[in-house]
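# Geometric and topological summary
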Amino acid sequence: MFGKRDVIVHGTDPYNAETEPAALAEGAITATDAFYVRNHGAVPEASEWRLRVEGAVERPLDLSLETLREALPEYTVTATLQCAGNRRAGLIAIRDIPGEAPWGPGATGTATWTGARLADVLALARPSGEAVHVGFEGADLSPEAKPPQRFGGSIPLDKARRPEVLLAWAMNGEPLEPVHGAPLRVVVPGYIGARSVKWLDRIELRRTPWKGYFQEVVYRLLPEDGRPAPGAGMPLGLVALNADILSASPTEVRGYAFAGGERFITRVDVSSDGGTTWRQAELLEDLGPWAWRHWRAPLDLPPGDHELVVRAWDSSAATQPEDEASLWNPKGYVNNARPRCSLRI
Ligand SMILES: Nc1nc2c(c(=O)[nH]1)N[C@H]1C(S)=C(S)[C@@H](COP(=O)(O)O)O[C@H]1N2
Ligand SMILES: [Mo]
């Protein structure tokens, strides 16, 4: 439908699809035509596009894409996007989560993103003393909210001023595709995918975090017995340490590990006896502080049944939780349990 290949489609209206493990395993940069898509509404129709910057600013802006591209220097950042619902299927296996897509390990991917620094746009608009959060609003209308609402979210102003946060018009060296947010999207490295708002046409400097449905009700971690309601549970922001297996054979296991936040991957351990003994995997290509690490470990397994388990470690010395049972939550977010895989040889 959008010329995507190697994807598992979870819905067509709106279109949602994840990358197949084999396509993720091809390299640390995910091909654009295999990159996952997470939409909460229809891709908005192309129209006369402007970016407004308003709210707690001394100088509100109303920019064309040409002005943005010509007036500001262009930067490229390699960053992993990860949906908070990535690996939800593992939680659904514990207890059903009706109405939420059963994402496997492929609601994540890594691309190079090119655009202007949000910091440079903010410097032009001059945030006032009141500004603490930066809100982003997309042009898409989501029927998930009643009444329908545009998709939006916010990040703290401190993060918004960091050099890695981009207003991107290109992905993997090509013009951004409509399904990934053309003509302009935010890319917030280290934060859940939901903050990287696509089809961005409004930035609002605010005193408080975004009050829209997708931050006040959705994308929050509820207690096991919680119900979605405005302000219930905790808002998700920084991505938690996570890893998954992308391929496993009698001679080799491969996968990804993503630290999230401002952390980086320090080690990945692999067990082939269900977690009794561990060996270190080899960390592959380092794409910089905002990208995952792919890893591999050679195996030499005798005939029989084997259970592979993986645990990644990050620069805060945290490792992944043992299993999904302790992580189940009503919306099915942040499944970062140690991935497991059975092999019969
Ligand atoms: N405007 C808008 N931005 C959005 C969304 C959306 O539905 N509408 N989905 C968000 C979510 S939940 C994720 S995980 C990422 C996915 O980006 P991608 O589709 O380019 O992979 O976009 C985010 N930005
Ligand atoms: Mo997401």
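Residues numbered from 1 in each chain as written. Chains lettered and ligands numbered in written order. Predicted model: local features only at pLDDT ≥ 70, side-chain atom pairs only at ≥ 80, totals over all residues. Heavy atoms only, no water.

### Some details on the site of ligand 1
Under the convention used in this document: Near residues are defined by distance, with any heavy atom within 4 Å of the molecule or strand qualifying the residue. In the analysis that follows, any N or O atom pair within 3.5 Å is treated as a polar contact, provided that within protein one partner can donate a hydrogen and the other can accept it, and provided that, for residues neighboring in sequence, both atoms belong to side chains. Here the Shrake-Rupley method, with its probe set to 1.4 Å, supplies the accessible areas, and only the displayed protein chains count as covering residues. Throughout this entry, Asp, Glu, Lys and Arg are counted as charged residues, while Ala, Val, Leu, Ile, Met, Phe, Trp, Tyr, Cys and Pro are counted as nonpolar. The remaining residues, Gly among them, count as polar.
As a structural note, the neighbourhood of ligand 1 is formed by 20 residues, with Tyr36, Asp140, His180, Arg185 and Lys198 the closest of them. Contacts to ligand 1 include Tyr36, whose backbone N or O atom sits 2.7 Å from an oxygen atom. A distance of 2.7 Å separates an oxygen atom of ligand 1 from a polar side-chain atom of His180. Coverage of ligand 1 by the protein chains reaches 100% of its 530 Å² of free accessible surface. For the shell around ligand 1, the residue count by class is ten nonpolar, six polar and four charged.

### Regarding helix H4 (residues 118-125)
To keep it simple, the criterion reads: Relative accessible area decides the class of each residue, using a 1.4 Å probe on protein chains only: under 20% of the type maximum gives buried, over 50% gives exposed, and in between gives partly exposed. Numbering of helices and strands starts at the N terminus; helices are DSSP runs of H or I of at least 4 residues and strands are runs of E of at least 2. Note that the arc is defined by the directions from the helix axis to the C-beta atoms.
Turning to H4, its buried residues number three or more, namely Leu118, Ala119, Val121, Leu122 and Ala125. Here the buried residues of H4 occupy an arc of 160° about the axis, which is enough to place them on one side. After H4 finishes, the residue Arg126 shows a positive phi value of roughly 55°.

### Some thoughts on the packing of aromatic side chains
Where we set the bar: Each Phe, Tyr or Trp ring, with Trp reduced to its six-membered ring, pairs with another whose centre is within 6.5 Å; inter-plane angles below 30 degrees give stacked pairs, above 60 give edge-to-face pairs, and intermediate values give tilted ones. Note on geometry: a ring has a charge over it if NZ (lysine) or CZ (arginine) is within 6 Å of the ring centre and within 35 degrees of the ring normal.
Scanning the entire structure with this criterion turns up six aromatic pairs. Judged by centre distance (5.0 Å) and plane angle (20°), the ring pair of Tyr256 and Trp292 falls under stacked. Of this pair, Tyr256 sits in strand S16 (residues 252-258) while Trp292 sits in the loop between strand S19 (282-283) and strand S20 (293-298), placing them 36 residues apart in sequence. Accessibility classification places Tyr256 together with Trp292 in one group, the buried group. Cluster of aromatic residues (ring-pair linked, three or more members): Phe35, Tyr36 and Trp113. Above the face of the Tyr75 ring, Arg117 is positioned so that its terminal group lies 3.5 Å from the ring centre.

### Side note on the nonpolar core
Nonpolar side chains in soluble globular proteins tend to end up buried together. Heads up, the condition is: By nonpolar core is meant a set of buried Ala, Val, Leu, Ile, Met, Phe, Trp, Tyr and Cys residues that side-chain atoms within 4.5 Å join together. An automatic or database domain assignment provides the domain bounds reported here. Throughout, a residue-residue contact means that at least one pair of heavy atoms, one from each residue, lies within 4.5 Å.
Among the nonpolar cores identified, the biggest contains 67 residues, and Trp113, Phe136, Ile203 and Leu205 are the most heavily contacted of them. The biggest single contributor to this core is strand S9 (residues 166-171), with six residues. Two domains each donate at least three residues to this core, and these are domain 1 (7-235) and domain 2 (242-344). When neighbours within four sequence positions are excluded, Ile203 is seen to be in contact with Leu51, Arg52, Val53, Glu54, Leu118, Val134, Gly135, Phe136 and Leu167. Ranked by size, the runner-up nonpolar core spans 18 residues in total, among them Ala243, Val268, Leu301 and Leu308.

### What about the pairing of strand S15 (residues 242-248)?
Selection criterion: The rule for pairing is simple: two strands pair if DSSP sees at least two bridges between them.
Taken across its seven residues, S15 has five buried, putting it largely inside the fold. Sheet topology note: the S15/S16 ladder contains six bridges and is antiparallel. Its bridge partner lying in S16, Ala248 is registered against Val253.

### A word on the sheet that holds strand S18 (residues 279-280)
Taken in spatial order, the four strands of this open sheet run S18-S17-S21-S22, and their pairing is antiparallel. Every other strand in the sheet has two partners, leaving S18 and strand S22 (340-344) as the edge strands with one partner each.

Limitation: the analysis is restricted to geometry and does not speak to function.
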